[in-house]
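The residues making up each chain are set out below.
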There are 2 protein chains.
Amino acid sequence: MVTIKDVAADAGVSVGTVSKVLNNMYVKADNRRRVEESIHKLGYQVNTYARGLKAQQTFTVAIIVPDLINPFFALLVNYVEQVLAAVGYKLLVCNSHCNADRELAYINMAKQNKVDGLIAVTYSNTDEYLEADMPFVSIDRHFKHQICCVSSDNEMGGRLAAEKFISTGCRNVIYIRNGSNLEGETLKRGKAFVDTCMQGGVEATRMDFGEETTLSKQQMNKIISFLEQCVKNGSMMYDGIFTSSDVHAIVVLKQLTEMGIRVPGDVQIIGYDGMRILNVGDYPVSSIAQPVKEMAVTCVDTLIKLIEKKPVERRIILPVTFVEGGTTR
Amino acid sequence: MVTIKDVAADAGVSVGTVSKVLNNMYVKADNRRRVEESIHKLGYQVNTYARGLKAQQTFTVAIIVPDLINPFFALLVNYVEQVLAAVGYKLLVCNSHCNADRELAYINMAKQNKVDGLIAVTYSNTDEYLEADMPFVSIDRHFKHQICCVSSDNEMGGRLAAEKFISTGCRNVIYIRNGSNLEGETLKRGKAFVDTCMQGGVEATRMDFGEETTLSKQQMNKIISFLEQCVKNGSMMYDGIFTSSDVHAIVVLKQLTEMGIRVPGDVQIIGYDGMRILNVGDYPVSSIAQPVKEMAVTCVDTLIKLIEKKPVERRIILPVTFVEGGTTR
DNA sequence: CTGAAAGCGCTTACAG
DNA sequence: CTGAAAGCGCTTACAG
């Protein structure tokens, strides 16, 4: 391995001088040129770990997401990596599987400067482990302290779904969800949905399937048996179903279809996220689409500002859109 | 930040002794206990970068994939991270966007021990940069030297698709692809498909849309105009279309449907990959499903063996299955 | 503007 | 079995 020492020897300067050209500090033009030549000739590249040890900066950032099976998270990570790479940062990914220990392990890495910062979609209660001055950007979830939070406009999402149902003549709708009840933006989805429906004269209920944050087989079965109970004599008691994610909506769609309920004829369904296979497939369900790319850009932007100790906005909310996926009229 | 020095002082031993308990070497029981207590009390955690600098091992591995938008890659990365985490490794992700420079940057990191090893889905010609002794596992692509390669059974995949078409009475089928022509497993898809068709008495053609590795808008348009040319008087000249990925198949499905061709009535379509939204959606097209999880496990397993300088198999091929997605009879 | 030197937090022969 | 010491490849005051 070629080190800074080899470069210094080859260029006939001290290691300090080499370090200075590496870090773009002032060096006499002539020396700079010689050092650059030697770097090129020897194929030298800085050892990030040695640099990180001394300078306490590693130019790597970690992202915590539940998993990459959910295309929303995969897309998010994809764009975060892309934006980060453009500014010279590397990305460590942590699939937490909603396990608090795994989240904590990465938060600790940030504390010890093993990563420069953290972007996290987190559903467990890790509040107390966060320090106010740590470069940390949360997605959807609020924390105590002054932790930054980026999210899509969940309130707008709930409202858009409600308005769609109202304008297409629904009479009795329901919001189906499961997930964390910790303070965060996503809780606003259901509230805005129900409120808007009420104001529009449409009856609206909420059905909460508990705190479990992933949609496990077990959760799915609960939803399925709930739907079975909603059907009397081949007719469904709700004519509009809004769900907390597209996956929920897909599960609902499958089950209703199996029970012979027509979608969107008898019942309309709207999911949340706006996911589809790549960018070419159709939307599998009508949905509220999150601006994933903009969210990624905003997260990285905010995180870099935090790392550089520049001022940032603490709450950033990005607009959503309704997308048609064949499950609405 | 609490260091090994603080722990040593607190426990009343030398830093060497602390290091030994950290690395599970022999330490007198009594000392070990005291050190462990101090570690716990002070909340000490090793600084990976300092350790990496000295020990030339960082317990991080990088994976290079074109992007995470394609659910096959997202799933692969998801499982790779999961398996890696279980054995104490961290994962750096690099979306190459099929850019050789980005791939090279990460190969260089591996060379300089900034990562302990590399898993790569690579389509550019980076052969010469690889050294035979570097822990490197390739997916689908062959390299010179003794580089390990893990892949799904592409030959079997081509054969399964052909057999499906034969058994459902197709007379004239085609294989549509684009992508790298570098030596690799994926080239076998088309060959096995065409050969099996021929043997079964079915006419089979190949249509190659060039070396571009991603399916860009431009590529899609080429495929679309090709399909338009295949239709005379409202009838399609091929009755079976096998494509090199599910995304291709989805594009084909959409276009045929738009042109009023019935799928699978008039034309059957089979993709490759076996992707769908999460694990709950239907397959959007009939497909040859790759065993993503097994591939991830095998890659990690092989890489760790390589890192630990244990013997490995150089070519590992895992079986595929046909999955029904409504575009076959 | 540059060099010599200290030090970042670890690991690892080497004595004892 | 343990401690003292060297050294991994860098950066950064500090003299000059």
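As the structure is a computational prediction, the values presented were derived from the model and not from experiment. (Residues numbered from 1 in each chain as written. Chains lettered and ligands numbered in written order. Predicted model: local features only at pLDDT ≥ 70, side-chain atom pairs only at ≥ 80, totals over all residues. Heavy atoms only, no water.)

**Section: the overall build of chain A**
Counting secondary structure elements, chain A contains 11 helices and 14 strands. In terms of C-alpha radius of gyration, chain A reaches 25 Å, well past the compact-globule figure of 20 Å for 329 residues. For the C-alpha atoms alone, the extent of chain A along its principal axes is close to 90 × 40 × 35 Å. Scored against the burial criterion, the 329 residues of chain A give a buried share of 56%. Contacts in chain A between residues at least 24 apart in sequence constitute 68% of all its contacts with a sequence separation of at least 6. Counting every atom, chain A has about 13900 Å² of accessible surface; 51% of that belongs to carbon and sulfur. Of note, chain A has its 36 positive side-chain charges centred 5 Å away from the centre of its 37 negative side-chain charges. (Helix = DSSP H or I, 4+ residues; strand = E, 2+ residues; numbered from the N terminus. Rg over C-alpha atoms; globule rule 2.2 N^0.38 Å. Buried < 20%, exposed > 50% of the residue type's maximum accessible area, 1.4 Å probe, protein only. Contact = heavy atoms within 4.5 Å. Areas by Shrake-Rupley, 256 points an atom, 1.4 Å probe, with all protein chains shown as cover. Lys, Arg positive; Asp, Glu negative; His and termini not counted. Charge placed at Lys NZ, Arg CZ, Asp CG, Glu CD.)

**Some thoughts on the protein's contact with DNA strand C**
The environment of DNA strand C is made up of 24 residues, and the closest members are A:Thr17, A:Asn31, B:Ser19, B:Tyr44 and B:Arg51. Taking all atoms of DNA strand C within 4 Å of the protein, the share assigned to sugar and phosphate is 71%. Taking B:Ile4, its main chain carries an N or O atom lying 2.8 Å from a phosphate oxygen of DNA strand C. Within the backbone of B:Ala50, a nitrogen or oxygen atom sits 3.4 Å from a base nitrogen of DNA strand C. Mapped onto the surface near DNA strand C, the elements with two or more residues apiece are α2 (15–22) and α4 (48–55) of chain A together with α2 (15–22) and α4 (48–55) of chain B. Sorting elements by how many residues they give to the surface near DNA strand C places α4(B) first, with four residues. Here the surface near DNA strand C is built from residues that sort into 10 nonpolar, nine polar and five charged. (Near = heavy atom within 4 Å. Polar contact = N/O pair within 3.5 Å; in protein donor to acceptor, adjacent residues only side chain to side chain. Nonpolar A, V, L, I, M, F, W, Y, C, P; charged D, E, K, R; others polar.)

**Digging into the pairing of strand β3 (residues 117–120) of chain B**
All names here are of chain B. Burial along β3 is two-sided: Gly117 and Ile119 and Leu118 and Ala120, pointing in opposite directions, are all buried. Note: strand β1 (residues 60–65) against β3, four bridges, orientation parallel. Bridging across to β3, Ile64 finds its partner in Ala120. Bridge count for β3 against strand β4 (residues 136–139) is three bridges, and the pairing is parallel. Among the inter-strand pairings, Ile119 is bridged to a residue of β4, identified as Val137. (Pairing = 2+ DSSP bridges.)

**A closer look at the environment of B:Pro66**
Following the sequence through the fold, B:Pro66 ends up in the loop between β1 and α5 (71–86). Classification of B:Pro66 by relative accessible area gives buried; the value is 3%.

**Overview of the protein's contact with DNA strand D**
Lining the immediate environment of DNA strand D, one finds 24 residues, of which A:Ser19, A:Tyr44, A:Arg51, B:Thr17 and B:Asn31 sit closest. Close to the protein, within 4 Å, the atoms of DNA strand D belong to sugar or phosphate groups at a rate of 72%. A:Tyr44 places a side-chain nitrogen or oxygen 2.7 Å from a phosphate oxygen of DNA strand D. In the model, a phosphate oxygen of DNA strand D is placed 3.3 Å from a nitrogen or oxygen of the A:Asn47 main chain. Across the surface near DNA strand D, the residue classes tally to 10 nonpolar, nine polar and five charged.

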